[in-house]
Amino acid sequence: MTDRSSSLDSAGPLRLGVTGATGRMGRVVLATAVERPDCDVVFAVNRSPASDAVEGVEIEPAVAFDALIADREPHAVVDFTGAGAAVDYAVTCAEEGVPFVTGTTGMDETQLDRLCEASESVPVLHASNFSRGVAVLDELLAEAVRRLPDYDIELVETHHSGKRDAPSGTTTRLLATLESAHPGEDEIPDRVHGREGDAPREPGEIGVHSVRAGAIAGEHEILLAGNHEEIRLCHRAGDRGVFAAGALDAAAWLAGRDPGWYDFREVIDA
Ligand SMILES: NC(=O)C1=CN([C@@H]2O[C@H](COP(=O)(O)OP(=O)(O)OC[C@H]3O[C@@H](n4cnc5c(N)ncnc54)[C@H](OP(=O)(O)O)[C@@H]3O)[C@@H](O)[C@H]2O)C=CC1
Ligand SMILES: O=C(O)C1=N[C@H](C(=O)O)C[C@H](O)C1
């Protein structure tokens, strides 16, 4: 493995590689990065490269990734692609000593294990949501579940029609938070994905509902109901710039750190 951690010059801008560069998120990452004086995009790749530059940045084919890493020496790579591609990029970054930030969701256990393995060689930060507001939502949910363990809980997430994975990565994270915060270990609610048929809601259920429509950037709502009252914890991303800014903050924070598995919450708390 090449050690590039010492190449981060804290006085200069962050040398950034971007994958999935012509995707919905990749484009916004590029647009945000070129506006930031602390970032210098040294390469951007996509599976099917664009014929024109995006935000003034040349888009290279994904097959050139290994060569670009060696040639351009990025301080970090920011990835928003698909589960398989993200893990492959992480493995290359691990071999080449480049810190890796990914917001890609929908990874299965095997893919997550491979991402974890990469973090033995380089710093890796995987966040299913790079919004600071969602990080706070996660904490509010934990508090609500600890204090109101007997309330019914339903989660509804709403995204644009192009989103592939369901439920969203954020929902999976919120469910994990909910289950670890639940005080009664034996009473952890069973997940019910959508509903149909002829039966009332079971007391131990947690409903999970995925809505896909239009161009919605991302909404997550948790409803807690009981004792003749309701609490609704809701987050709406106004646009993808929210996620892009968080991912770039994460890359700036991650570059030059020791190998390991890092959480976006550490970036926010820094
Ligand atoms: N953590 C967060 O805050 C957020 C996470 N996301 C997640 O980010 C991911 C991407 O979302 P989104 O941008 O909407 O998706 P898009 O489908 O719009 O973009 C994905 C991009 O990745 C490219 N790609 C796919 N495979 C490869 C590959 N092997 N090599 C290079 N490029 C590849 C695609 O290229 P091609 O067009 O050629 O297929 C496409 O341009 C999803 O998992 C989504 O859930 C999204 C928003 C916020
Ligand atoms: O695909 C998206 O768009 C988003 N995906 C992330 C997720 O799966 O939670 C984050 C955000 O909600 C947008």
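What you see is a predicted model, and the numbers here were worked out from it, not measured in a lab.

## With respect to helix H7 (residues 241-254)
An α-helical segment advances 3.6 residues per turn. Residues three or four places apart therefore align on the same side. End to end, H7 covers 20 Å across 14 residues, agreeing with the expected 20 Å (1.5 Å per residue, within 8%). If you check which residues of H7 are buried, you get Phe-243, Ala-244, Gly-246, Ala-247, Leu-248, Ala-250, Ala-251, Trp-253 and Leu-254. Once H7 ends, the next one or two residues include Gly-256, with phi positive near 85°.

## As for the nonpolar core
Within the largest apolar cluster, 35 residues are counted, with the highest numbers of intra-cluster contacts made by Leu-16, Leu-30, Val-78, Leu-125 and Phe-130. Sort the elements by how many residues they give to this core and H7 lands first, with 8 residues. Residues within four places of Leu-16 in sequence aside, it is in contact with Ala-33, Asp-40, Val-41, Val-42, Phe-43, Pro-74, Ala-76, Val-78, Leu-248 and Ala-251. By size, the runner-up hydrophobic cluster in this structure holds 21 residues, among which are Val-45, Phe-65, Val-87 and Ala-118.

## Description of the packing of aromatic side chains
This structure, assessed with the given rule, holds 5 aromatic pairs. Measuring from ring centre to ring centre gives 4.5 Å for Phe-65 and Tyr-89, while their planes differ by 55°; the resulting arrangement is tilted. Taken together, the residues Phe-65 in helix H2 (residues 65-72) and Tyr-89 in helix H3 (residues 83-96) connect sequence positions 24 residues apart. By relative accessible area, Tyr-89 is classed as buried at 10%. Geometrically, the ring pair formed by Phe-80 and Phe-130 is edge-to-face, given 6.1 Å between the ring centres and 70° between the ring planes. One end of the pair, Phe-80, is in the loop between strand S4 (76-79) and H3; the other, Phe-130, is in the loop between strand S6 (123-126) and helix H5 (132-147), and 50 residues separate them in sequence. Residue Phe-80 is classed as buried on the basis of its relative accessible area of 13%. Taken together, the ring pairs in this structure connect Phe-43, Phe-65 and Tyr-89 into an aromatic cluster.

## Observations regarding the environment of Ala-50
Tracing the chain through its elements places Ala-50 in the loop between strand S2 (39-46) and strand S3 (60-61). Taking the C-alpha atoms as reference points, Ala-50 and Val-192, 142 residues apart in sequence, are found 41 Å from one another.

## Concerning the pattern of salt bridges
Throughout the structure, instances matching the rule amount to 22 salt bridges. The salt bridge involving Arg-114 is made with Asp-88; its shortest N-O contact spans 3.5 Å. Here Asp-88 lies in helix H3 and Arg-114 lies in helix H4 (residues 109-118), a separation of 26 residues in the sequence. On the accessibility criterion, Asp-88 (44% relative accessible area) is partly exposed. In this structure, the salt-bridge partner of Arg-232 is Glu-221, at a minimum N-O distance of 3.2 Å. With Arg-232 in strand S11 (residues 229-236) and Glu-221 in strand S10 (residues 219-226), this pair connects stretches of sequence that are 11 residues apart.

About the criteria used
- Residues numbered from 1 in each chain as written.
- Chains lettered and ligands numbered in written order.
- Predicted model: local features only at pLDDT ≥ 70, side-chain atom pairs only at ≥ 80, totals over all residues.
- Heavy atoms only, no water.
- Helix = DSSP H or I, 4+ residues; strand = E, 2+ residues; numbered from the N terminus.
- Expected span 1.5 Å × (residues − 1).
- Buried < 20%, exposed > 50% of the residue type's maximum accessible area, 1.4 Å probe, protein only.
- Core = buried A, V, L, I, M, F, W, Y, C linked by side-chain atoms within 4.5 Å.
- Contact = heavy atoms within 4.5 Å.
- Phe/Tyr/Trp six-rings, centres within 6.5 Å; stacked < 30°, edge-to-face > 60°.
- Salt bridge = Lys/Arg side-chain N within 4 Å of Asp/Glu carboxyl O.

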